[in-house]
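Here is what each chain is made of, one letter per residue.
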Amino acid sequence: MAEKAVEEKKTSTISIKVVSAKNLRGTKGENLTSFTKVEFGKPLGESGKCEAGAEATTKYNYTANIEINPEDPLSVDELSYKLVVFTIVEVLPKEKRAKEEKTNQVGQCIMDLFPILKGESKFTKTLALQSGAEPAAAMGSQPQLLVEVSCSKVIVTPEKLEQSNYLTINFDSVYSLPDSWQPNNNPTHSYHATLSVPLSETVDVTAAAGAGTLRPPQDKNNQDPLKGTAKVIPRRYAAAGNMSGALAAIPDCLVESYKYEEEDYDLTSQDYRSFREEAENEKPRITWNTQREIFMTPAATDVLQDRIAKCRTWPLEVYRTNIANVTKKRERGRPQRFIPRYCVDKSLSFVVPGCYKGQRCSTSPTVRRE
């Protein structure tokens, strides 16, 4: 019992309260009955059924909890990249002779918990609900969800925060792909990029870019193909998975374009100009446009600085997995790993220059194919 009490003291409970929703529209307008579901990598629970009240406001007052161990680097790292997903579901009137009630998804929104890693123990957010229905401009006010977050105890103390750091990794695109990776009419692969980052003296985490998209040369990443001008591309959360559009976009974060002269490392000289123009404009590429945040504790920062001092390069692996092979493995009853090595048929190993404190690196690294 004493050991259990000590273990309980180590954890901090993060309470996520879904207070209310405004301007919801269901199949029959604003007078709807609905409930909310909350996920954080896995389902956390769902509220009871609530009816819309005055001023098109639905009060849920539902709380979901997450347990975090501040002394566990991997547990704390979950707050830096995992997303809280809120889903609003409409409950349709039960039809005669129907055994179960039918439901209709009204909208979704996501929220990151990174403010907690910046020392906040309580904050409130108003989130815009996204749906496949008509845009907000056509149906009136934007549907919104009011959420309150609080911690039972501070996860990052002021003293720890003063000595800690934040690492931001942007995964953009890979060019000049192997011939075997060229697109065809029957896409059968999923494309990934990973980078190993220290969280402590003994623990590393694999920062993943998420599933990339194989794009043809005519689909410009940072240029409007019709107008020939730069287009605005929102950067996505690396953990957004299959989410798309505004739902997966990071607020106020856009994909930036760099001139060759502004980049670091290889392939920036005039000698490589023609090669890069051909690779970036005439050949397919893999694109992610995602961002992964990492909270660097004092121990993690020391380990990273030590590695940079010993070796000025940082391995980055880009690989593809065969979707057909993954499906076969599933059918045989074998569990699918996040990085299913049994179906990796080709990988590329890059080296990225090590960054110093406060330094911003945009690279065009060379590649070693395996």
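What counts, and where the lines are drawn
- Residues numbered from 1 in each chain as written.
- Predicted model: local features only at pLDDT ≥ 70, side-chain atom pairs only at ≥ 80, totals over all residues.
- Heavy atoms only, no water.
- pLDDT = per-residue confidence, 0-100.
- Contact = heavy atoms within 4.5 Å.
- Salt bridge = Lys/Arg side-chain N within 4 Å of Asp/Glu carboxyl O.
- Helix = DSSP H or I, 4+ residues; strand = E, 2+ residues; numbered from the N terminus.
- Buried < 20%, exposed > 50% of the residue type's maximum accessible area, 1.4 Å probe, protein only.
- Pairing = 2+ DSSP bridges.
- Phe/Tyr/Trp six-rings, centres within 6.5 Å; stacked < 30°, edge-to-face > 60°.
- Axes fitted to C-alpha atoms, helices over the stretch in contact; angles between N-to-C directions.

A. Fine view of the confidence of the model for the protein. When pLDDT is averaged across the protein, the result is 80; 76% of the residues are at 70 or more. Contacts of residues 224-229 to residues separated by more than four positions or lying in other chains number six contacts, the stretch itself having pLDDT below 50. For the stretch residues 363-370, pLDDT sits under 50, and the model shows 30 contacts to residues farther than four places along the chain or on other chains.

B. Examining the pattern of salt bridges more closely. Counted under the stated rule, the structure contains seven salt bridges. Close ionic contact of Asp77 with Arg292 constitutes a salt bridge, the shortest N to O distance being 3.0 Å. Linking Asp77 in helix H2 (residues 73-81) with Arg292 in strand E16 (residues 285-296), this pair joins segments that are 215 residues apart in sequence. Judged by relative accessible area, which is 4%, Asp77 ranks as buried. The closest approach of N and O atoms between Arg276 and Glu280, which form a salt bridge, is 3.0 Å. Of this pair, Arg276 and Glu280 both sit in helix H5 (residues 273-281), separated by four residues, roughly a single helical turn. Judged by relative accessible area, which is 7%, Arg276 ranks as buried.

C. Up close: the environment of Lys22. Among the secondary structure elements, Lys22 is positioned in strand E1 (residues 12-22). Judged by relative accessible area, Lys22 falls into the partly exposed class, the value being 37%. Leave out the neighbours within four places in its chain, and Lys22 touches Ala56, Thr57, Gln142, Pro143 and Gln144.

D. Region of interest: the pairing of strand E2 (residues 33-39). Bridge analysis of E2 against strand E4 (residues 50-51) gives two bridges, and the strand direction is antiparallel. Within E4, the residue paired with Thr33 across the bridge is Glu51. Note that E2 and strand E6 (residues 83-91) share seven bridges and pair antiparallel. Residue pairing in the sheet places Lys37 in a bridge with Thr87 of E6. Counting the residues that bridge the hairpin from E2 to strand E3 (residues 43-46) gives three residues, and of these Gly41 lies at a positive phi of roughly 80 degrees.

E. Quick peek at unusual backbone geometry. Here the phi dihedral of Asn61 falls at roughly 50 degrees; this positive angle occurs in a residue that is not glycine. Its location among the elements puts Asn61 in strand E5 (residues 57-68). Residues other than glycine seldom take positive phi values, yet Asp252 does so here, at roughly 55 degrees. When you line up the elements, Asp252 lands in strand E15 (residues 249-254). Classification of Asp252 by relative accessible area gives exposed; the value is 85%.

F. Highlighting the packing of aromatic side chains. Applying the stated criterion to the full structure yields two aromatic pairs. Ring centres 5.4 Å apart and planes at 55 degrees place the aromatic pair Phe114 and Tyr166 in the tilted group. Of the two residues, Phe114 sits in the loop between strand E7 (103-112) and strand E8 (122-128) while Tyr166 sits in strand E10 (residues 165-174), which places them 52 residues apart along the sequence. With centroids separated by 5.7 Å and ring planes inclined at 55 degrees, the aromatic side chains of Tyr166 and Phe295 adopt a geometry described as tilted. Remark: Phe295 occurs in strand E16 and Tyr166 occurs in strand E10; sequence separation between them is 129 residues. When its relative accessible area of 4% is taken as the criterion, Phe295 is described as buried. Pairwise contacts between aromatic rings join Phe114, Tyr166 and Phe295 into one cluster.

G. View of the sheet that holds E5. Judged by pairing direction, the sheet is antiparallel, and its four strands sit side by side in the order E5-E1-E9-E8 without closing on themselves. Among the strands making up the open sheet, the edge pair consists of E5 and E8. When the angles between neighbouring strand axes are averaged without regard to direction, this sheet yields 20 degrees. Judged from the seven bridges that link them, E8 and strand E9 (residues 144-151) form a sheet pairing that is antiparallel. Looking across to E9, one finds that Leu127 is bridged to Leu145.

H. Representation of the environment of Lys28 within the structure. For Lys28, the location among the structural elements is in the loop between E1 and E2. Distance in space between the C-alpha atoms of Lys28 and Leu92 is 9.4 Å, their sequence separation being 64 residues.

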